[in-house]
Every structure is written in structure tokens, then in C-alpha cells.
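Coordinate analysis (summary)
Each chain, written out:
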Amino acid sequence: MGDYHFVYKDVEGASTQWDDIQTKLGNLPPKPPAFKPPSFEPAPDQDSLPKDKSWVDNKTEEELEELEDDPDLDDDRFLEEYRKKRLAEMREATKLSRFGSVMLISGSDFVREVSQAPPDVWVVVILYKEGFPECGVLMECLEELARKYPATKFVKIISTDCIPNYPDRNLPTLLVYNNSAVKANHVGLRSFGRRCTPEGVALVLCQSDPVLNDGQSGSDPSRKNVIEGVRRSFIEKVVAQHEDDDDGSSSD
């Protein structure tokens, strides 16, 4: 018959009086503290959290729209007004994120991307071909303007994809669209002055309409404000270039 015996094992971390004495004498290493499970804390109830400005900031656009029927916000005029303001800011940011560069389109995309653009969006179209230096110069200017004015839509299309047999001598050509109609057209690089610069192109685009929109001046910025901003940007660039030239000459 086998020798069966029972081994008693105490709770981890527990010790006897004898173990404590031996530990004090240095005969036994100190035992780890007894295991103690963390106290239970229920997850916070989202409905019980205080409704303040930060509470609104943490909401998504869909959640803000759902809050329109929240009876608690009806009693707090500030939060309701802040909700509307926050929702408008998020929608404006979403609109701006659609643009910001010169997008390549094909002939089949033209109606959807240009003619059917929303009425509050101005569209600048460049007709171009690869290998034409003049097209490259104007394209660089448009890329900079697209970054500065992300609420204006910039697109590029191969000239003959847009208009069959379009003469190469007319390249580059800019077409300006708004509300499904052509508002302006500029044929050739000479349309933008002796030296084609982003500021010069911007001034030509805004000769009669506020084509360029940075998204920060409201949904309908005036032509005067746009041109003033372009001129200010040009002056700042000239001053910066002079400062760079001065720094270069002083280091020689």
C-alpha cells in the first residue's frame, strides 16, 4: 500500500510566527506580501458625467447631431449653443479636408468633379500636357495656392482629354467654374504677367470674383479681403527673400 500523505499549503504570502522570527534573524528571506485583489470599482455611468464644454468636445459629429433632442441640453442654453458651434466647426473642417492639392481627373470625371461641384465651391481647372515647361511653371504656382486655399478646388486634366484637338499653342489654360458655369478662362502663361508667381496667379484669378477661399474667412469671403490677403502674402515673401539674401551676403 502506497505511502499517501497530505501537504498543507497556506495562502501565498502568509507566514507563521516561527517564520517571522527566522526572517528577523536573517535565516529566511522576507516573504512577498500576501495577495490582495484590487477593490472593485464599477465603470462610470456616461449619463451621470457632468455635461460641460469638455463633454461636448469629446463627442463625434453623429453624437452631436443626436444631442439635438437631449432634454438636458434644452435646459442649458450655453451647452446647446456650444453644441451648434462645435458641430459647425467640425463640418467646416470636413469640407476643407476634401481639397488642398491639385487633383488629376480624366475626361469622364469632368462633369462630376467640375460641372456638378457644390454651388459654394469654386473650381480651378488647368488644361496641360506633360513636357511643356510653361505648364510646369503654372502647375507649381497652383500647387502652392491649393495648399493655401484648401476650400477652393483645384484640378488638372490633359488638354485633349477635356477638349479633343485642343491646340498645344494655348497651353497652359486655366478655366474657372462656379455653380456649373464657366466664370473665366485664361489662355497661355502670358495671362499671368511677365513672371508667373503664385501671388500673380492669385490676383488674376480674383480679378472679378472671390475665387480663392482659405476656409477661415467665412463661407463667402469678399473679393477685396482675398486680394488683400494675397498682397500681404506677397509682401511677406519678398521681405523673407531679402532677409535670406542679407544673411547669405553677411556670411561670405
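The chain appears in an unreviewed UniProt entry as Phosducin domain-containing protein from Acer negundo. The heading Sequence similarities (unreviewed entry) in the UniProt record of the chain holds the text "Belongs to the phosducin family."

1. Observations concerning the packing of helix H7 (residues 133-148) against helix H9 (residues 198-205)
Relative orientation of the contacting elements H7 and H9 amounts to 75°, with a least axis distance of 9 Å. Relative to H9, H7 is oriented roughly perpendicular. Contacts between H7 and H9 involve Leu 138, Cys 141, Leu 142, Glu 144, Leu 145 and Lys 148 from the former and Pro 198, Glu 199, Val 201, Ala 202 and Leu 205 from the latter. Taken together, the residues of the contact of H7 with H9 break down into 8 nonpolar, no polar and 3 charged.

2. Concerning empty space enclosed by the protein
In this structure the tally under the stated criterion is 1 cavity of 30 Å³ or more. As a volume, the largest cavity reaches approximately 50 Å³. Every residue lining the largest cavity is listed: Leu 145, Lys 148, Tyr 149, Pro 198, Glu 199, Ala 202, Val 230 and Ser 233. Within the residue set of the lining of the largest cavity, elements represented by two or more residues are H7, H9 and helix H10 (223-251). Broken down by element, the lining of the largest cavity gets its largest block of residues, 3 residues, from H9.

3. Focus on H7
Along its 16 residues, H7 runs 23 Å from first to last C-alpha, staying within 8% of the 22 Å computed at 1.5 Å per residue. Every buried residue belonging to H7 is among Cys 135, Leu 138, Met 139, Cys 141, Leu 142, Glu 144, Leu 145 and Ala 146, and all of these are buried.

4. Some remarks on the side chain of Asn 178
Within the fold, Asn 178 resides in strand E4 (residues 173-178). A distance of 3.1 Å separates a polar atom in the side chain of Asn 178 from the backbone oxygen of Pro 119. With sequence-adjacent residues up to four places away left out, Asn 178 is seen in contact with Pro 119, Val 121, Trp 122 and Lys 183.

The rules behind the values
Residues numbered from 1 in each chain as written. Predicted model: local features only at pLDDT ≥ 70, side-chain atom pairs only at ≥ 80, totals over all residues. Heavy atoms only, no water. UniProt positions renumbered as here; feature names shortened; annotations may be inferred. Axes fitted to C-alpha atoms, helices over the stretch in contact; angles between N-to-C directions. Helix = DSSP H or I, 4+ residues; strand = E, 2+ residues; numbered from the N terminus. Parallel < 35°, antiparallel > 145°, perpendicular 65-115°, else oblique. Contact = heavy atoms within 4.5 Å. Nonpolar A, V, L, I, M, F, W, Y, C, P; charged D, E, K, R; others polar. 1 Å grid on protein atoms, 1.4 Å probe; cavity = no way out; pocket = protein on both sides within 12 Å on 5 of 7 lines; lining within 4 Å. Points joined across faces, edges and corners; volume = space filled by probe spheres on them. Expected span 1.5 Å × (residues − 1). Buried < 20%, exposed > 50% of the residue type's maximum accessible area, 1.4 Å probe, protein only. Polar contact = N/O pair within 3.5 Å; in protein donor to acceptor, adjacent residues only side chain to side chain.

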